[in-house]
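Chains, contacts and geometry: an overview
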Amino acid sequence: MVAPLTSHEPATGTLLWQGEPGDVDAEVARARAAWPKWAAQPIAYRIETLRRFVNVVRRNEEALADLIARETGKPLWDARDEVTAVMAKVDISVAAYSERTGQRRLEANLGARQSVRHKPHGVMAVLGPYNLPAHLPNGHIIPALLAGNAVVFKPSDKTPAVGKMLVKLYHEAGVPEDAVRLLVGGADVGKALAAHPDVGGILFTGSAQTGIAINRQFAAQPSKILALEMGGNNPLVVWDTPEIHAAAAIVIQSAFLSSGQRCTAASRLIVKESLADQLIAEVKRLADRLIVDHPHADPAPYMGPVIDNQAADGLTESFLWLMSNGGRPIKHMVRVKPGLPFLTPAIIDVTGMKERPDVELFGPLLQVVRVAEFGDAMAEANNSRYGLSASLIGGSPEHYSQFWSNVRAGVVNWNRPTNGAASSAPFGGVGISGNHRPSAYYAADYCAYPVVSVEIETPRASIGVGLKEVDVSAMGD
């Protein structure tokens, strides 16, 4: 007998949702059957339907934010920001579809016309993460539906309740029930969905380990579109700046927003040696003031718990490992509520470590590296297989030009947090952070493929070379 899937509130341990794992074959079949009719609808109809979705979300805004906060543990204000991003995605996607996949017509030879139009792939599998359980999958689903695809959405097995509500809101807006299907389950269900022969594309947000496995699985299937967003080990470089308090605030925002559970969170603070003591002292002072509490607490917390005790255990073990292998603790990581995954923000100086692990530490754990020269800072920033986000605080325009030109990342900011990425721009990484198919504004690129046609109403052709001479005498009267 298959065990039911459950979801618990990280902040309390209370059972929030329980259900049976879905049937992959059945859900894909329903989406496959619904796809032709949805794809045949005029683009204006699909736009109108998805704009109704915005109105439906707005009517349910507080309920959705509350559910996100309870199922992820993030503060209610953070969850409300996520719901706002869900609503904004529709207009952004409509603009992107028009700009990046719009129809074009050109003149061709013999009075013909050349057309470039786009077709949907069919059934798209969307595999969502737990940290932004509505916004990130919605960022795939809206462009996919807009382009005429059907979708089978498997939310993270840690946030199925948010996934279920999101799909319910699509249906309430008028998206056909079979055009967006919810598939709950664990890793085995996700693997089966990605491998299904009737799935035309896999849109994935999650760990590098899983994304690489998906990429390897489909290396021999070029017919399937893969868009992979796989996190980061993101550098934040602080150079010459007199604005120490502002720099420290950007460090805090980069490292500890959403309890550090952002794929764009700063994992590595690389700081000029002459600024290090002053900056680190200010960062620690701010970190000591951060309120860590349950999502609905008053006063509002800056951080809630991480997603579960397994994640909290892994992060505390990582902090202890760094400390045991040459790291110098600046601010210890503490479990503040027994039995629950609440962690205080942690800071550790790893400058003296001979080898620093190149891994994504998905939580409130910031590593500090001191360097003497800007070239050393650049080398340290690029000392990673990942390449999602990077930011420079301070420095001159020449420093930023050098930073932008040489740092390996898909999101590069100056005097802004590493997690300051807008949905109105492309979002993706290089290295093992992505496969050069950025999402957000550029999601339109992987939700439809271009088709070129040369068209003319009457057949016109002639062959002017390579033909034998006609034997006129052999021709009859």
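Residues numbered from 1 in each chain as written. Predicted model: local features only at pLDDT ≥ 70, side-chain atom pairs only at ≥ 80, totals over all residues. Heavy atoms only, no water.

1. Re the overall build of the protein
Definition in use: The helix count covers DSSP runs of H or I at least four residues long, the strand count covers runs of E at least two residues long, and both are numbered beginning at the N terminus. For the exposure calls, accessible area comes from a 1.4 Å probe over protein chains only, and a residue counts as buried if that area is under 20% of its type's maximum, exposed if over 50%, partly exposed in between. Using a 1.4 Å probe, the Shrake-Rupley method yields the accessible areas, and only the shown protein chains count as cover for residues. Positive: Lys, Arg. Negative: Asp, Glu. His and the chain ends are not part of the count. Taken as the charge centre is NZ of Lys, CZ of Arg, CG of Asp or CD of Glu, depending on the residue.
Scanning the protein from N- to C-terminus turns up 14 helices and 19 strands. When the backbone C-alpha atoms are referred to their principal axes, the protein occupies close to 105 × 55 × 40 Å. Looking at the protein as a whole, 55% of its 477 residues are labelled buried. Here the protein has roughly 21,200 Å² of accessible surface; of this, 53% comes from carbon and sulfur atoms. The positive charge centre, built from 45 side chains, and the negative charge centre, built from 48, are 2 Å apart in the protein.

2. Considering helix H2 (residues 43-59)
Spelled out, the test is: The length a helix should cover is 1.5 Å for every residue beyond the first. Every residue pair with non-hydrogen atoms within 4.5 Å of one another is taken to be in contact.
Over its 17 residues, H2 runs 25 Å from end to end, which matches the ideal 24 Å to within 8%, given 1.5 Å per residue. Every buried residue of H2 is accounted for by Arg46, Ile47, Thr49, Leu50, Phe53, Val54, Val56 and Val57. Structurally, H2 contributes buried residues whose contacts are with helix H1 (24-40), helix H3 (61-72), helix H4 (76-101), helix H5 (135-146) and helix H6 (160-173).

3. A short note on unusual backbone geometry
In the segment running from Asp298 into Pro299, the intervening peptide bond is cis, with an omega of 5 degrees. Along the chain, the position of Pro299 falls in the loop between helix H10 (273-289) and helix H11 (309-324). A positive phi is found at Ser259, a non-glycine position, where the angle reads about 60 degrees. Here Ser259 is to be found in the loop between helix H9 (244-256) and strand S11 (266-272). The backbone of His436 sits at a positive phi, close to 60 degrees, despite the residue not being glycine. Within the secondary structure, His436 is located in the loop between strand S17 (426-427) and strand S18 (439-440).

4. A closer look at the layout of surface pockets
Defined as follows: Of the grid points, spaced at 1 Å and generated over the protein atoms alone, those admitting a 1.4 Å probe that cannot get out make up cavities, while open sets with protein on both sides within 12 Å along at least five of seven lines make up pockets; any residue with an atom within 4 Å of a point is treated as lining. Grid points are joined across faces, edges and corners, and a volume is the space filled by probe spheres set on the points.
Taken as a whole, the largest pocket encloses approximately 1,300 Å³ of empty space. Residue lining of the largest pocket: 43 residues in total, with Tyr130, Phe204, Gly206, Ser207 and Thr210 positioned closest to the centre. Of all the secondary-structure elements, those providing two or more residues to the lining of the largest pocket are helix H7 (187-195), strand S8 (201-205), helix H8 (208-217) and H11. The element that contributes the greatest number of residues to the lining of the largest pocket is H8, accounting for seven residues.

5. Section: the nonpolar core
Heads up, the condition is: Buried residues of nine kinds, namely Ala, Val, Leu, Ile, Met, Phe, Trp, Tyr and Cys, make up a nonpolar core once their side-chain atoms join them within 4.5 Å.
In this structure, Phe53, Val57, Leu145, Phe153 and Tyr170 are the most contacted members of the largest nonpolar core, which totals 54 residues. Sequence-distant contacts of Val57, that is, excluding residues within four places in its chain, are made with Leu64, Val83, Val86, Met87 and Leu169.

6. Topic: the pairing of strand S16 (residues 411-414)
Where we set the bar: Two strands make a pair as long as DSSP finds a minimum of two bridges between them. If you view a crossover with the strands going away from you and the path from the first strand over the helix to the second runs clockwise, you call it right-handed.
Strand direction decides the pairing type here: strand S15 (residues 389-393) and S16, joined by four bridges, are parallel. Residue pairing across strands places Ser391 opposite Asn413, the latter belonging to S16. Handedness of the crossover joining S15 and S16 through helix H13 (residues 397-406) is recorded here as right-handed.

7. Digging into empty space enclosed by the protein
Which entries qualify depends on this criterion: Under the scheme applied, nonpolar residues are Ala, Val, Leu, Ile, Met, Phe, Trp, Tyr, Cys and Pro; charged residues are Asp, Glu, Lys and Arg; polar residues are all the others, including Gly.
Considering all chains together, one arrives at four cavities of 30 Å³ or more under this definition. In this structure, the largest cavity spans a volume of roughly 60 Å³. Forming the walls of the largest cavity are 13 residues, and the residues nearest its centre are Pro235, Ala381, Tyr386, Gly387 and Arg408. Tallied by class, residues from the lining of the largest cavity come to five nonpolar, six polar and two charged.

8. Side note on the side chain of Thr418
Applied cut-off: Pairing of N or O atoms within 3.5 Å defines a polar contact, subject to two protein rules: one partner must be a possible hydrogen donor and the other a possible acceptor, and residues neighboring in sequence count only if both atoms are side-chain atoms.
Looking at the element boundaries, Thr418 is found in the loop between S16 and S17. Separated by 2.7 Å, the side chain of Thr418 and the backbone oxygen of Thr264 make a polar contact. With residues up to four places along the chain from it excluded, the contact list for Thr418 reads Pro235, Leu236, Ser254, Thr264, Ala265, Ala266, Ser389, Ala390, Ser391 and Asn413.

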